[in-house]
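# Working through the structure, step by step
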Amino acid sequence: MTSFTVRPARTEDVRAIQGLLEPFVQRRILLGKDLVLLYESVQEFVVAETSDGQLIGCGALHVMWEDLAEVRTLIVADEWLHRGVGKVVVDALEERAAALGVTRLFCLTFEVAFFERRGFARIGEQVVDPDVYSQLIRSPDEGVAEFLDLAHVKPNTLGNTRMLKSLGE
């Protein structure tokens, strides 16, 4: 069995990240991202790489507020599913979150059982206080809108489950 490591993404990884993403976009599991957006957010990503340099997974950590970040674009290549890649990627993102001072992680996912095993729980409506909500609602970021469960993003999120994890528990 080939081993893999997880490391911070570099600009040279962006096209491979897009390659990992595309099959999931085609299956309507994840929303597509323009190449320019992937380059703009490359510093948010970690990648899983085999010993021979093949990218087999990725994930991003997007900070939304002082104590809140989102796990985004978590992808594992089909042939690497159920081999621990997703777990190691999420662990790396949690370490990054803790280093940044983030105490809560959000995700929007179809993979509820996977995230429940990592300590995430389904969330309902108000998960931030009204003052924070009034600031977050100003963000143009679609992930923030998904977190807030705003009506204009519902067509993109139907079937997904909003989940949250408190770090350090």
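What comes next is a walk through the structure.

Analysis parameters
- Residues numbered from 1 in each chain as written.
- Predicted model: local features only at pLDDT ≥ 70, side-chain atom pairs only at ≥ 80, totals over all residues.
- Heavy atoms only, no water.
- Pairing = 2+ DSSP bridges.
- Helix = DSSP H or I, 4+ residues; strand = E, 2+ residues; numbered from the N terminus.
- Contact = heavy atoms within 4.5 Å.
- Axes fitted to C-alpha atoms, helices over the stretch in contact; angles between N-to-C directions.
- Polar contact = N/O pair within 3.5 Å; in protein donor to acceptor, adjacent residues only side chain to side chain.
- Salt bridge = Lys/Arg side-chain N within 4 Å of Asp/Glu carboxyl O.
- Expected span 1.5 Å × (residues − 1).
- Buried < 20%, exposed > 50% of the residue type's maximum accessible area, 1.4 Å probe, protein only.
- Core = buried A, V, L, I, M, F, W, Y, C linked by side-chain atoms within 4.5 Å.

### Description of the sheet that holds strand S5 (residues 104–109)
- The strand order S1-S2-S3-S4-S5-S7-S6 describes an open sheet built from seven strands, whose pairing is mixed. The outermost strands of the open sheet, each flanked by one partner alone, are strand S1 (4–8) and strand S6 (121–122).
- In this fold helix H3 (residues 85–100) packs onto S1, strand S2 (45–50), strand S3 (55–65), strand S4 (68–76), S5 and strand S7 (161–166), with an angle of close to 30° to the strand it touches most, S3.

### Section: the environment of threonine 109
- Mapped onto the elements, threonine 109 comes out in strand S5.
- In sequence terms threonine 109 and leucine 30 are 79 residues apart; their C-alpha atoms lie 9.0 Å from each other.
- Ignoring sequence-local partners within four residues, the contact set of threonine 109 consists of Phe115, Asn160, Thr161 and Met163.
- Polar side-chain contacts of threonine 109 include one of 2.7 Å to the backbone nitrogen of glutamate 111.

### Brief notes about the pattern of salt bridges
- For the coordinates displayed, the defined rule picks out nine salt bridges.
- Salt-bridge contacts for arginine 7 lead to glutamate 49; the nearest nitrogen and oxygen are separated by 3.0 Å. Of this pair, arginine 7 sits in strand S1 while glutamate 49 sits in strand S2, and the two are 42 residues apart along the sequence.
- Of the charged contacts, one joins arginine 104 and aspartate 67 as a salt bridge, the two residues approaching to 3.4 Å between their closest N and O atoms. Highlighted residues: arginine 104 in strand S5 and aspartate 67 in the loop between S3 and S4, separated in sequence by 37 residues.
- When salt bridges with common partners are traced through the structure, they connect Arg7, Asp13 and Glu49 into a single cluster.

### Let's talk about helix H1 (residues 14–26)
- For H1, spanning 13 residues, the distance from its first C-alpha to its last is 18 Å, which sits close to the expected 18 Å at 1.5 Å a residue.
- For H1, the complete set of buried residues consists of Val14, Ile17, Leu20, Leu21 and Phe24.
- Tucked into the core, H1 has its buried residues touching helix H2 (35–40), S2, S3 and S4.

### Quick notes on the nonpolar core
- Judged by nonpolar contacts, the single largest core of 40 residues is most densely connected at Ile17, Val85, Leu105 and Phe115.
- Broken down by secondary-structure element, the contributors of at least two residues to this core are H1, H2, S2, S3, S4, H3, S5 and helix H4 (112–117).
- Residues Met64, Leu68, Phe106 and Leu164 belong to the second largest nonpolar core, which totals five residues.

### Observations concerning unusual backbone geometry
- Located in the positive-phi region is arginine 28, a residue other than glycine, with phi close to 60°.
- Secondary-structure assignment places arginine 28 in the loop between H1 and H2.
- Overall, the relative accessible area of 73% leaves arginine 28 in the exposed class.
- For histidine 82, which is not glycine, the phi torsion reads 65° and is therefore positive.

### Some words on the pairing of S3
- Burial analysis of S3 places nine of its eleven residues in the buried class, the great majority of the element.
- In terms of strand pairing, S2 meets S3 through five bridges, oriented antiparallel. Along S3, the bridge assignment pairs valine 46 with glycine 59.
- Between S2 and the antiparallel strand that follows it, S3, lie four residues; glycine 53 among them carries a positive phi value of about 90°.

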